[in-house]
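In case you want the letters, here they are:
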Amino acid sequence: MQHLIIFFEHKLQDLILWSEFIQRVRPLLADHHKGEFAGDDMAIDGGDCEAVFRGPDADALFDFLRPQLLSLPFLNTASTRVELVYGELESSAATKTLELNDFSG
């Protein structure tokens, strides 16, 4: 299993948008056999967040999620970072880090 991790900052009002996003993409990921939302570490009063998705192909997962991620205004900041992990988390698996400007590619 491969992973996609999104590191971003959010405000209190972003929680609703994030929750709606997760509810919207869960069935899409399953229907298209791209993977699943594995969870997040998101403070309810704002701050940093680390969200994890997993699937058979991290690049395909990112390509699939990219349009939906771009729809969230709080992800369009310089502090947003995406890490693709080509294997299990906390292993010696190869990784690739993408900065915000990589979202538009």
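Now for a description of the structure that goes with this document.

Remarks on the overall build of the protein
Looking only at helices and strands, the protein has 2 helices and 5 strands in total. Counted from the first residue to the last, the protein has its helices and strands arranged as β-α-β-β-α-β-β. The C-alpha radius of gyration computed for the protein amounts to 13 Å, which stays within 12% of the reference 13 Å derived for 105 residues, consistent with globular compactness. Considered along the principal axes of its C-alpha atoms, the protein spans approximately 35 × 30 × 25 Å. Look at the contacts in the protein between residues 6 or more apart in sequence, and 64% of them connect residues 24 or more apart.

Regarding the environment of Arg-54
Its place among the elements puts Arg-54 in strand β3 (residues 47-55). By relative accessible area, Arg-54 is classed as partly exposed at 31%. Residues Arg-54 and Leu-4, 50 residues apart in the sequence, show an inter-C-alpha distance of 6.1 Å. In this structure Arg-54 touches Met-1, Gln-2, His-3, Lys-34, Gly-35, Glu-36, Ala-38 and Leu-61, once residues within four positions along its chain are discounted.

Details of the nonpolar core
One finds Leu-4, Ile-6, Phe-8, Trp-18, Phe-21, Phe-53 and Leu-65 to be the most contacted residues of the largest nonpolar core, which totals 26 residues. Looking at this core, the elements with two or more residues in it are β1 (2-10), α1 (14-31), β2 (36-42), β3, α2 (58-70) and β4 (81-85). Excluding its chain neighbours within four sequence positions, the residues that come into contact with Phe-8 are Trp-18, Met-42, Gly-47, Asp-48, Cys-49, Ala-51, Phe-74, Leu-75 and Thr-80.

Here we look at the pattern of salt bridges
Evaluation of the coordinates by the stated rule reveals 4 salt bridges. Between Lys-96 and Asp-59 there is a salt bridge, with its nearest N and O atoms 3.4 Å apart. Highlighted residues: Lys-96 in strand β5 (residues 95-98) and Asp-59 in helix α2, separated in sequence by 37 residues. Residue Asp-59 is classed as partly exposed on the basis of its relative accessible area of 29%. Among the salt bridges present, the one from Glu-83 reaches Arg-81, with a minimum N-O distance of 3.8 Å.

Rules behind the numbers
- Residues numbered from 1 in each chain as written.
- Predicted model: local features only at pLDDT ≥ 70, side-chain atom pairs only at ≥ 80, totals over all residues.
- Heavy atoms only, no water.
- Helix = DSSP H or I, 4+ residues; strand = E, 2+ residues; numbered from the N terminus.
- Rg over C-alpha atoms; globule rule 2.2 N^0.38 Å.
- Contact = heavy atoms within 4.5 Å.
- Buried < 20%, exposed > 50% of the residue type's maximum accessible area, 1.4 Å probe, protein only.
- Core = buried A, V, L, I, M, F, W, Y, C linked by side-chain atoms within 4.5 Å.
- Salt bridge = Lys/Arg side-chain N within 4 Å of Asp/Glu carboxyl O.

In short, geometric facts, not functional conclusions.
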